[in-house]
Amino acid sequence: MKEDGGPRYPVLVRTPSRTWWLRAGPYRRFAAREITSMFAALFSALLIAFLFALSLGPHAYGRFLSFLGSTGMLAASSLILAAVLYHMATWFRLTTHIVVIRLGGRTVPRNAILAALVVAWLAVSAAVAYFLIWF
Amino acid sequence: MDEQSESPVLGEVLDWSEGGQVASRARRAPVRGRQSRAEALAWALFSAGGFVSAVLLPINVAVIGVAFAAGWLPDRALAYSRVLHLARNPIVKLYLLVVIALPLYHWAHRFRFAIHHQFGIHAKRLAAAACYGTALAGTGLAVWAVLRI
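Model, not experiment: these values are computed from the prediction.

Student: Which residues make up the overall build of chain A, and what values go with them?
Tutor: Broken down by element type, chain A carries four helices and three strands. Put simply, chain A runs from its N terminus to its C terminus through helices and strands in the order β-α-α-α-β-β-α. Taken over C-alpha atoms, the radius of gyration comes to 23 Å for chain A, far larger than the 14 Å a tight globule of 135 residues would show. Judged by the C-alpha coordinates and their principal axes, chain A covers about 75 × 50 × 30 Å. The buried share of chain A, taken over its 135 residues, is 36%. Counted over contacts in chain A with a minimum sequence separation of 6, partners at least 24 positions apart contribute 38%. As displayed, chain A has an accessible area near 8100 Å², and 70% of this comes from carbon and sulfur atoms.

This is the structure in structure tokens:
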């Protein structure tokens, strides 16, 4: 018997298979959320390139825009948008599960929180779109 | 009670896993104060990044990515002079940093575990350093880009 903090008794730890996360719905959905974050990061990289092109002057900026407007980038952006919308939907869902608001001794129902979130999201999106397109 | 009947049987769980190994209970290092503070910071950035990705990213991707490439935007929307004028506003610079950097930390925190879960690479410290390092590098690049404009 060892008493120095080492193993006092053997513990069986099963090595999961490499594809354990494909086996059940909740695992697959968790993996999907992990993957959507990669697309969000790709958009960050795209924005960094956008800003560098902008800082390099009109010529470099024009070349970046023709890259951004290519068919391949349309497909890539659509993929990124789909991933980000999936992330948004799951984020709204989990937030309505986590956030509990008490008003006057009553708990605000989940659907009301969801509606408030959607309204706030629409307002923020409209403001951002206004600045990006028309301001 | 539905949850009970849907949960897998122990035999199934054991069948899923391939092979076994004996490991000691004490292989995980105890969490110290500094490490737990770093963990808390990583979680805070992860959470903030998830919020930004959900609320701010969809419209940005839809306009800058999809709508521009599809030709739905008016010509002057992304015109050089207009975008430059917009990007020189300090509030817009701050907004850009938030939209660029926070999703990177969200990604870093998730990808750190994806390396462990999906790729089966268990060099956890190396993976964490690479992921958060990439996010830090992206933040640095974004700050540099914003300051150049």
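Having seen the model, we can carry on.
Student: Please give an account of helix H4 (residues 110–133) of chain A that cites residues and values.
Tutor: The periodicity of an α-helix, 3.6 residues per turn, causes residues three or four positions apart to be oriented the same way. For H4 of chain A, which comprises 24 residues, the first-to-last C-alpha distance of 34 Å matches the rise-based estimate of 34 Å (1.5 Å per residue) to within 8%. By the burial criterion, the buried members of H4 of chain A are Ile113, Trp121, Ser125, Val128, Ala129, Leu132 and Ile133 of chain A. Its buried side turned inward, H4 of chain A meets helix H3 (71–98) of chain A together with helix H3 (33–55), helix H4 (57–70), helix H5 (80–87) and helix H6 (90–117) of chain B.

Student: How would you sum up the pattern of salt bridges? Please name residues and give values.
Tutor: Residue and element names in this part refer to chain B. What the rule picks out here adds up to one salt bridge over all chains. Among the salt bridges present, the one from Glu39 reaches Arg112, with a minimum N-O distance of 3.7 Å. Here Glu39 is found in helix H3, whereas its partner Arg112 is found in helix H6, with 73 residues between them in sequence. For Arg112, a relative accessible area of 17% puts it in the buried group.

Student: Could you give me a rundown of the interface of chain A and chain B, with the residues and numbers involved?
Tutor: Facing 60 residues of chain A, the contacting portion of chain B comprises 68 residues. Taken over both partners, the interface formed by chain A and chain B buries close to 5900 Å², and the fraction arising from carbon and sulfur atoms is 71%. On the chain A side of the interface with chain B, the three residues burying the most area are Glu34, Leu51 and Leu132 of chain A, jointly 10% of the side's total. Counting across the chain A and chain B interface gives zero salt bridges. Run the count over chain A and chain B and you get six residue pairs in polar contact (both at pLDDT 80 or more). With 17 residues, the single largest contributor to the side of chain A that touches chain B is helix H1 (residues 25–55) of chain A.

Student: I'd like a description of the packing of aromatic side chains, backed by residues and values.
Tutor: Applying the stated rule across the entire model yields twelve aromatic pairs over all chains. Between the aromatic rings of Phe64 of chain A and Phe67 of chain A, the centroid separation amounts to 5.8 Å while the plane-to-plane angle is 55 degrees, which identifies the pairing as tilted. Linking Phe64 of chain A with Phe67 of chain A, this pair stays in helix H2 (residues 58–68), spanning three residues, or about one helical turn. Residue Phe64 of chain A is classed as buried on the basis of its relative accessible area, which comes to 9%. On the basis of relative accessibility, which here comes to 41%, the residue Phe67 of chain A falls in the partly exposed class. Measuring from centroid to centroid gives 5.2 Å for Trp43 of chain B and Phe46 of chain B, while their planes differ by 85 degrees, and the two rings are edge-to-face. Note that Trp43 of chain B and Phe46 of chain B are positioned in helix H3 at a spacing of three residues, about one turn of the helix. Grouping aromatic residues by their ring pairs yields a cluster made of Phe50, Tyr61, Phe64 and Phe67 of chain A together with Tyr80 of chain B. Residue placement shows Arg110 of chain B over the ring face of Phe30 of chain A; its charged tip is 5.9 Å from the ring centre. A cation over a ring is seen here: Arg148 of chain B above Trp144 of chain B, with NZ or CZ 5.6 Å from the ring centre.

What counts, and at which threshold
- Residues numbered from 1 in each chain as written.
- Chains lettered and ligands numbered in written order.
- Predicted model: local features only at pLDDT ≥ 70, side-chain atom pairs only at ≥ 80, totals over all residues.
- Heavy atoms only, no water.
- Helix = DSSP H or I, 4+ residues; strand = E, 2+ residues; numbered from the N terminus.
- Rg over C-alpha atoms; globule rule 2.2 N^0.38 Å.
- Buried < 20%, exposed > 50% of the residue type's maximum accessible area, 1.4 Å probe, protein only.
- Contact = heavy atoms within 4.5 Å.
- Areas by Shrake-Rupley, 256 points an atom, 1.4 Å probe, with all protein chains shown as cover.
- Expected span 1.5 Å × (residues − 1).
- Salt bridge = Lys/Arg side-chain N within 4 Å of Asp/Glu carboxyl O.
- Buried area = accessible area lost by both parts, 1.4 Å probe.
- Polar contact = N/O pair within 3.5 Å; in protein donor to acceptor, adjacent residues only side chain to side chain.
- Phe/Tyr/Trp six-rings, centres within 6.5 Å; stacked < 30°, edge-to-face > 60°.
- Lys NZ or Arg CZ within 6 Å of the ring centre and 35° of its normal.

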